[in-house]
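Close look at the chain arrangement
The lines below spell out each chain.
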Amino acid sequence: LLGDAKRDIGPFYIFGQMNKTYILAEVAKGLLIVDQHAAQERLFYEKFMNAYKEKGVTGQKLITPVVVQMTPAEHTILNANRTYLESIGFEIEDYGGNSLLVRSIPFVFERYNKDLMLDLIKELSKVDPKAVDDIKQERIARFACRKAIKAGDILSRADMDKLLKALGTADNPYSCPHGRPTMLNITIPELEKKFRRTG
């Protein structure tokens, strides 16, 4: 499959997926090996942070609103961060007692996971409720990254092509938000040396 990531990867030819974790592709410099999870994390992170900086993160309506049962402590954390959560795309309302009704979630999450709100509240519990929104945003963006394609996920060639093209337009395509590399490049001279084709 031929593709073209305009910025840092350049034209590429996808060989396939190895160990359901790495995408192998031929590029001008040689062999490109992409960690699919690290790459998707980078894309999620930038998408979320850029949307926040530019105009705010938009929400997407759930087809069926979700009722979330919380402890009193979790409900307190939620209320302390309610305005912030609504600013990034959540539409939530009280549903009696310590229950919550979720009607909308930030687009970056793509779909609702049954533990999404409770996991999110757990993340926010690690941040001072009075902290500026940028600090909360950084933590939530990193949290969103966990929803990315995982190692072990089978990708179609179309999925791999889309991922590499998107990675080629990222602000920082070389590492995930946690500092791990997204890709390795084995150059033609390196391969020739390994196969003793050069002196």
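Everything numeric in this text was worked out from a predicted model, so none of it was measured. (Residues numbered from 1 in each chain as written. Predicted model: local features only at pLDDT ≥ 70, side-chain atom pairs only at ≥ 80, totals over all residues. Heavy atoms only, no water.)

**A closer look at the overall build of the chain**
The helix and strand tally for the chain stands at 7 helices and 8 strands. Here the contacts in the chain between residues at least 6 apart in sequence split such that 67% fall between residues at least 24 apart. When the accessible surface of the chain is split by element, carbon and sulfur atoms take 54% of a total near 11,100 Å². (Helix = DSSP H or I, 4+ residues; strand = E, 2+ residues; numbered from the N terminus. Contact = heavy atoms within 4.5 Å. Areas by Shrake-Rupley, 256 points an atom, 1.4 Å probe, with all protein chains shown as cover.)

**Quick look at the packing of aromatic side chains**
On inspection of all chains with the given rule, the structure shows 1 aromatic pair. A centroid spacing of 5.6 Å and a plane angle of 70 degrees characterise the contact between Tyr13 and Phe15, whose relative ring orientation is edge-to-face. Since its relative accessible area comes to 38%, Tyr13 is described here as partly exposed. (Phe/Tyr/Trp six-rings, centres within 6.5 Å; stacked < 30°, edge-to-face > 60°. Buried < 20%, exposed > 50% of the residue type's maximum accessible area, 1.4 Å probe, protein only.)

**Some details on the pairing of strand β6 (residues 91–94)**
Two elements, β6 and strand β7 (residues 99–106), share 4 bridges in a ladder whose sense is antiparallel. Paired with Ile92 across the two strands is Val102, which belongs to β7. Connecting β6 to the antiparallel partner β7 that follows it, the hairpin turn spans 4 residues, and Gly96 within it adopts a positive phi of roughly 95 degrees. (Pairing = 2+ DSSP bridges.)

**With respect to the sheet that holds β7**
Across the sheet, 3 strands lie side by side as β5-β7-β6; this open sheet has antiparallel pairing. Edge positions in the sheet fall to β5 (59–69) and β6, since each of these pairs with one other strand and no more. Averaged over all pairs of adjacent strands, the angle between their axes in this sheet comes to 15 degrees, without regard to strand direction. As judged from the 7 bridges shared by β5 and β7, these two strands associate in the antiparallel manner. Looking at β7, one finds that Gln69 is bridged to Ser99. (Axes fitted to C-alpha atoms, helices over the stretch in contact; angles between N-to-C directions.)

**Quick word on the environment of Ser175**
The residue Ser175 is located in the loop between α6 (157–167) and β8 (183–187) in this model. Separated by 134 residues in sequence, Ser175 and Glu41 place their C-alpha atoms 9.1 Å apart. Looking at Ser175, its side chain comes within polar contact range of the side chain of Asn172, at 3.3 Å. (Polar contact = N/O pair within 3.5 Å; in protein donor to acceptor, adjacent residues only side chain to side chain.)

**What to know about the pattern of salt bridges**
Overall, the coordinates contain 7 salt bridges when judged by the stated rule. Two residues, Asp94 and Arg82, come together in a salt bridge whose shortest N-O distance is 2.9 Å. Here Asp94, found in strand β6, pairs with Arg82, found in helix α3 (residues 82–87); they are 12 residues apart in sequence, far enough to count as distant. Owing to a relative accessible area of 44%, Asp94 belongs among the partly exposed residues under this scheme. In this structure, the salt-bridge partner of Arg103 is Glu93, at a minimum N-O distance of 2.9 Å. Here Arg103, found in strand β7, pairs with Glu93, found in strand β6; they are 10 residues apart in sequence, far enough to count as distant. On the basis of relative accessibility, which here comes to 29%, the residue Arg103 falls in the partly exposed class. Glu93 sits in the partly exposed class, given a relative accessible area of 32%. (Salt bridge = Lys/Arg side-chain N within 4 Å of Asp/Glu carboxyl O.)

**Quick notes on helix α1 (residues 36–54)**
The first and last C-alpha atoms of α1 sit 27 Å apart over 19 residues, in line with the 27 Å expected at 1.5 Å per residue. Most of α1 sits inside the fold, with 14 of its 19 residues counted as buried. (Expected span 1.5 Å × (residues − 1).)

**Section: the side chain of Ser175**
With relative accessibility at 17%, the residue Ser175 sits in the buried group. When neighbours within four sequence positions are excluded, Ser175 is seen to be in contact with Arg42, Arg180, Pro181 and Thr182.

**Side note on the packing of helix α2 (residues 72–80) against helix α4 (residues 116–124)**
Where α2 contacts α4, the axes come no closer than 10 Å and their chain directions differ by 75 degrees. Classified by the interaxial angle, the pair formed by α2 and α4 is roughly perpendicular. Where α2 abuts α4, its residues Glu74, Ile77 and Leu78 lie against Met117, Leu118, Ile121 and Leu124. For the contact of α2 with α4, the residue count by class is 6 nonpolar, no polar and 1 charged. (Parallel < 35°, antiparallel > 145°, perpendicular 65-115°, else oblique. Nonpolar A, V, L, I, M, F, W, Y, C, P; charged D, E, K, R; others polar.)

**A few points about the confidence of the model for the chain**
Chain-level pLDDT for the chain is 84 on average; 88% of the residues reach the 70-or-more range. Here strand β1 (residues 2–5) stands out as the least confident element of the chain, with mean pLDDT 54; strand β3 (residues 22–27) is the most confident, with 96. (pLDDT = per-residue confidence, 0-100.)

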